[in-house]
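# Structural description and commentary
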Amino acid sequence: MDYKELDIWVQARMLVKTVYVLTKSFPRDEQFSLTAQVRRCVISVPSNIAEGCGRQSNKETIHFLHIARGSLFELETQLILAGDLNYISDIDNVLKEIERVKKLLNGFINYHKKL
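These lines cover the structure that appears in this document, whether it is placed above or below.

Thresholds, definitions, all that
- Residues numbered from 1 in each chain as written.
- Predicted model: local features only at pLDDT ≥ 70, side-chain atom pairs only at ≥ 80, totals over all residues.
- Heavy atoms only, no water.
- Helix = DSSP H or I, 4+ residues; strand = E, 2+ residues; numbered from the N terminus.
- Expected span 1.5 Å × (residues − 1).
- Buried < 20%, exposed > 50% of the residue type's maximum accessible area, 1.4 Å probe, protein only.
- Arc of directions from axis to C-beta.
- Contact = heavy atoms within 4.5 Å.

## Describing helix α1 (residues 7–23)
With 17 residues, α1 extends 24 Å between its outermost C-alpha atoms, agreeing within 8% with the 24 Å of an ideal straight helix rising 1.5 Å per residue. Residues I8, W9, Q11, A12, L15, V16, V19, L22 and T23 constitute the buried set of α1. Buried residues along α1 cover an arc of 160° about the axis, so they all sit on one side. For α1, the exposed residues set more than 90 degrees away from the buried face come down to K17 and V21.

Following this line, the structure appears as C-alpha coordinates:
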(Lines give C-alpha, C1' and ligand atoms only; values in the text may rest on other atoms or scores of the structure.)
Protein backbone atom coordinates (compact mmCIF):
# COMPACT_ATOMS: atom_id res chain seq x y z
CA MET A 1 0.00 0.00 0.00
CA ASP A 2 1.22 3.49 -0.87
CA TYR A 3 1.93 5.55 2.27
CA LYS A 4 -0.14 8.43 0.82
CA GLU A 5 -3.23 6.24 1.17
CA LEU A 6 -2.61 5.47 4.87
CA ASP A 7 -5.07 7.07 7.28
CA ILE A 8 -2.23 7.81 9.72
CA TRP A 9 -0.33 9.80 7.08
CA VAL A 10 -3.47 11.69 5.99
CA GLN A 11 -4.32 12.56 9.62
CA ALA A 12 -0.73 13.66 10.28
CA ARG A 13 -0.92 15.97 7.25
CA MET A 14 -4.14 17.46 8.59
CA LEU A 15 -2.38 18.06 11.91
CA VAL A 16 0.36 19.97 10.05
CA LYS A 17 -2.26 22.29 8.58
CA THR A 18 -3.93 22.80 11.96
CA VAL A 19 -0.64 23.66 13.65
CA TYR A 20 0.48 26.03 10.89
CA VAL A 21 -2.80 27.95 11.14
CA LEU A 22 -2.53 27.97 14.92
CA THR A 23 1.05 29.25 14.99
CA LYS A 24 0.24 32.16 12.67
CA SER A 25 -1.17 33.93 15.72
CA PHE A 26 1.95 33.39 17.87
CA PRO A 27 3.82 36.59 18.77
CA ARG A 28 6.25 37.84 16.18
CA ASP A 29 9.18 37.57 18.59
CA GLU A 30 8.57 33.79 18.73
CA GLN A 31 8.97 33.41 14.96
CA PHE A 32 12.49 31.99 15.16
CA SER A 33 12.07 30.09 18.40
CA LEU A 34 8.85 28.42 19.56
CA THR A 35 6.97 28.90 16.28
CA ALA A 36 9.81 27.42 14.24
CA GLN A 37 10.31 24.54 16.68
CA VAL A 38 6.60 23.65 16.75
CA ARG A 39 6.45 23.67 12.96
CA ARG A 40 9.56 21.48 12.66
CA CYS A 41 8.02 18.97 15.06
CA VAL A 42 4.71 18.74 13.27
CA ILE A 43 6.35 18.38 9.84
CA SER A 44 8.49 15.58 11.24
CA VAL A 45 5.44 13.39 11.91
CA PRO A 46 4.16 12.70 8.35
CA SER A 47 7.72 12.93 7.01
CA ASN A 48 8.98 10.12 9.24
CA ILE A 49 5.89 8.03 8.56
CA ALA A 50 6.63 8.34 4.84
CA GLU A 51 10.33 7.62 5.31
CA GLY A 52 9.56 4.58 7.43
CA CYS A 53 7.22 3.22 4.78
CA GLY A 54 9.98 3.60 2.21
CA ARG A 55 12.49 1.52 4.16
CA GLN A 56 13.53 -1.98 3.22
CA SER A 57 13.01 -3.76 6.52
CA ASN A 58 10.28 -3.85 9.12
CA LYS A 59 12.83 -2.95 11.80
CA GLU A 60 13.75 0.24 9.91
CA THR A 61 10.08 1.08 9.38
CA ILE A 62 9.36 0.77 13.09
CA HIS A 63 12.40 2.92 13.90
CA PHE A 64 11.05 5.82 11.82
CA LEU A 65 7.54 5.37 13.19
CA HIS A 66 9.00 5.73 16.69
CA ILE A 67 10.73 8.94 15.62
CA ALA A 68 7.36 10.24 14.38
CA ARG A 69 5.84 9.26 17.74
CA GLY A 70 8.55 11.13 19.62
CA SER A 71 7.89 14.21 17.52
CA LEU A 72 4.20 14.01 18.47
CA PHE A 73 5.08 14.03 22.17
CA GLU A 74 7.47 16.93 21.64
CA LEU A 75 4.79 18.82 19.70
CA GLU A 76 2.23 18.20 22.42
CA THR A 77 4.61 19.57 25.07
CA GLN A 78 5.44 22.66 23.05
CA LEU A 79 1.79 23.44 22.42
CA ILE A 80 0.99 23.02 26.11
CA LEU A 81 3.79 25.50 26.83
CA ALA A 82 2.36 27.86 24.21
CA GLY A 83 -0.97 27.56 26.02
CA ASP A 84 0.75 28.34 29.32
CA LEU A 85 2.13 31.48 27.69
CA ASN A 86 -1.39 32.38 26.46
CA TYR A 87 -0.41 32.06 22.79
CA ILE A 88 -3.27 29.60 22.27
CA SER A 89 -6.74 30.31 23.59
CA ASP A 90 -8.41 26.96 22.84
CA ILE A 91 -5.79 24.26 23.12
CA ASP A 92 -8.23 21.37 23.64
CA ASN A 93 -9.04 20.86 19.96
CA VAL A 94 -5.43 20.59 18.82
CA LEU A 95 -4.59 18.29 21.75
CA LYS A 96 -7.48 16.01 20.74
CA GLU A 97 -6.15 15.95 17.19
CA ILE A 98 -2.67 15.04 18.48
CA GLU A 99 -4.18 12.28 20.61
CA ARG A 100 -6.03 10.88 17.58
CA VAL A 101 -2.78 10.81 15.56
CA LYS A 102 -0.95 9.18 18.51
CA LYS A 103 -3.53 6.38 18.68
CA LEU A 104 -3.36 5.76 14.94
CA LEU A 105 0.42 5.78 15.03
CA ASN A 106 0.55 3.39 18.00
CA GLY A 107 -1.75 1.05 16.10
CA PHE A 108 0.43 1.27 13.01
CA ILE A 109 3.55 0.53 15.08
CA ASN A 110 1.84 -2.48 16.69
CA TYR A 111 0.77 -3.72 13.26
CA HIS A 112 4.38 -3.61 12.03
CA LYS A 113 5.65 -5.33 15.17
CA LYS A 114 3.41 -8.33 14.37
CA LEU A 115 4.73 -8.71 10.81
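## Looking at the environment of E5
With respect to the element layout, E5 can be found in the segment before α1. On the accessibility criterion, E5 (55% relative accessible area) is exposed. Along the primary structure E5 and A50 are separated by 45 residues, whereas in three dimensions their C-alpha atoms are 11 Å apart.

## Structural notes on the environment of L65
As for its position among the elements, L65 is in helix α3 (residues 58–84). Here L65 falls in the buried class, since its relative accessible area comes to 0%. Placed 14 residues apart in sequence, L65 and E51 show a C-alpha to C-alpha distance of 8.7 Å. When sequence neighbours within four positions are dropped, the list of residues in contact with L65 reads I49, L105, F108, I109 and H112.

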